[in-house]
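Descriptive structure summary
Okay, here's what each chain looks like letter by letter:
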Amino acid sequence: MLKKLENYFQTAFTTTYNAQDNSKYWFMTEDNCKFGIVKTALSDAERNLLLTLFLPIDNTINGQNNSSVQQKWYDFLNNDGKELPFLQGVKTLRFCYFYLKQPIDDLHNFKEAITGGFQQPVILMMDDTHGIIVDEKPQVVFDKEAFSQLSDTLTSDFFVKIYSYIGQLHQADLFVKEKFSYEYQCFKAIHRFADREKSLTFHEALPLLLIHAPSLVNKNILSNLFVESMQGEEMLDTIQVFLQCNLNASSTAKKLYIHRNSLQYRLDKFIENTGIDIRSFANAAFVSLAMLLLKSENY
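Presented here is a report on the structure given in the accompanying data block. As the structure is a computational prediction, the values presented were derived from the model and not from experiment. (Residues numbered from 1 in each chain as written. Predicted model: local features only at pLDDT ≥ 70, side-chain atom pairs only at ≥ 80, totals over all residues. Heavy atoms only, no water.)

1. Remarks on the overall build of the protein chain
Using the following cut-off: Where helices and strands are cited, they refer to DSSP runs of H or I of at least four residues and of E of at least two residues respectively, numbered from the N terminus. Using a 1.4 Å probe on the protein chains alone, a residue whose accessible area is under 20% of its type maximum counts as buried, one over 50% counts as exposed, and one in between counts as partly exposed. Any two residues having at least one pair of non-hydrogen atoms within 4.5 Å are treated as being in contact. Each accessible area is a Shrake-Rupley estimate made with a 1.4 Å probe; only the visible protein chains count as cover when residues are assessed. The charged-residue count follows a simple rule in which Lys and Arg add positive charge and Asp and Glu add negative charge, with His and chain termini not counted at all. Taken as the charge centre is NZ of Lys, CZ of Arg, CG of Asp or CD of Glu, depending on the residue.
Along the protein chain, the regular secondary structure elements total 13 helices and nine strands. For the protein chain, the spread of C-alpha atoms along the three principal axes comes to 70 × 45 × 35 Å. When each of the 299 residues of the protein chain is scored for burial, the buried share is 49%. For the protein chain, the proportion of contacts with a sequence separation of at least 24, taken over those separated by at least 6, is 66%. Entry remark: accessible area of the protein chain is about 15300 Å², with carbon and sulfur atoms responsible for 49%. Charged side chains of the protein chain number 29 positive and 35 negative; the gap between the two group centres comes to 4 Å.

2. Topic: the packing of helix α5 (residues 107-115) against helix α6 (residues 144-158)
What counts here: Lines fitted to C-alpha atoms define the axes, with helix axes restricted to the stretch in contact, and inter-axis angles between N-to-C directions lie between 0 and 180 degrees. Should an angle fall under 35 degrees it is called roughly parallel, over 145 degrees roughly antiparallel, and 65 to 115 degrees roughly perpendicular, with every other angle called oblique. Handedness of each helix crossing follows the sense of rotation of the near helix against the far helix: counterclockwise by less than a right angle gives left-handed, clockwise gives right-handed. Residues are grouped as follows: Ala, Val, Leu, Ile, Met, Phe, Trp, Tyr, Cys and Pro are nonpolar; Asp, Glu, Lys and Arg are charged; every other residue, Gly included, is polar.
Relative to each other, α5 and α6 sit at 160°, their axes nearing to 10 Å. Our classification of the angle between α5 and α6 gives roughly antiparallel. Pair α5 / α6 crosses with right-handed handedness. Contacts from N109, F110, A113 and I114 of α5 reach α6 at L150, L154 and F158. Counted by class, the contact of α5 with α6 contains six nonpolar, one polar and no charged residues.

3. With respect to empty space enclosed by the protein
The cut-off we apply is this: In the cavity and pocket records, a cavity denotes points on a 1 Å grid over the protein atoms alone where a 1.4 Å probe fits but cannot get out, a pocket denotes an open set with protein on both sides within 12 Å along at least 5 of 7 lines, and lining residues are residues with an atom within 4 Å of a point. Grid points are joined across faces, edges and corners, and a volume is the space filled by probe spheres set on the points.
Taken as a whole and assessed by the stated rule, the structure comprises three cavities of 30 Å³ or more. In this structure, the largest cavity encloses a volume near 60 Å³. What lines the largest cavity is F98, F110, I114, I133, F147, L150, S151, L154, I162 and S164. Looking at the lining of the largest cavity, the elements with two or more residues in it are α5, α6 and β8 (162-171). Ranked by residue count, the leading element in the lining of the largest cavity is α6, at four residues. Counted by class, the lining of the largest cavity contains eight nonpolar, two polar and no charged residues.

Okay, here's the thing in structure tokens:
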């Protein structure tokens, strides 16, 4: 891809990154390769296309991520930062991604309004219309209804339409940067190709990915918390039977020869470990597809 871009833009293209060079738009590939294209050589349509394919590196926006925590997260996710940015004691994380119809003038108050909807968020602007919320103290099961209400409030207060994408529950460890990268690419594809909904979770997005971006669908996009939960034989058997019984707890307990309370304990444990409330249809559909994906890639 980079070779094709170089051939097309020729002298306007470079892979020598210079953070001080504001004459170019800078981007980064999934493999962390950075490149720039002279701003005057790009049409608006070409820039919008590149924004859907690559991660933008906006040095002006980077300056707006001015707290030490924001800067650590920005460098960790987008540059070559090696230092783990999350606080000691943080066990799980969730990334939420948002796209704005147009830039916001009062960015400070916009960030403050978002902060009120989370317990411990870090808000990063990736460019003037796109940002990421790093929730360092996430609810186990994401409250989509409350988040939709927050989005409505932001829309009415700041007069901007917002598209939001809620990521999976991730373990806070060395692999979270890799998981962020996979998840981010998935949501960028959904935002580009699918009918845009106001708010969409990763669990709701998986079927859309299979239709619009099947090349992205592999087990790497799944949270390690989910993958690890499926490695336990008892839990795997319980979830499989629960799905086969159409989410009917009584039928599942009977088929497993266990008390209904024992089944409920196992389901609660699965929800606690993964952040996926399998008792809802959309989440159960995700789990079913994800289990098939894991099975197909393990053979």
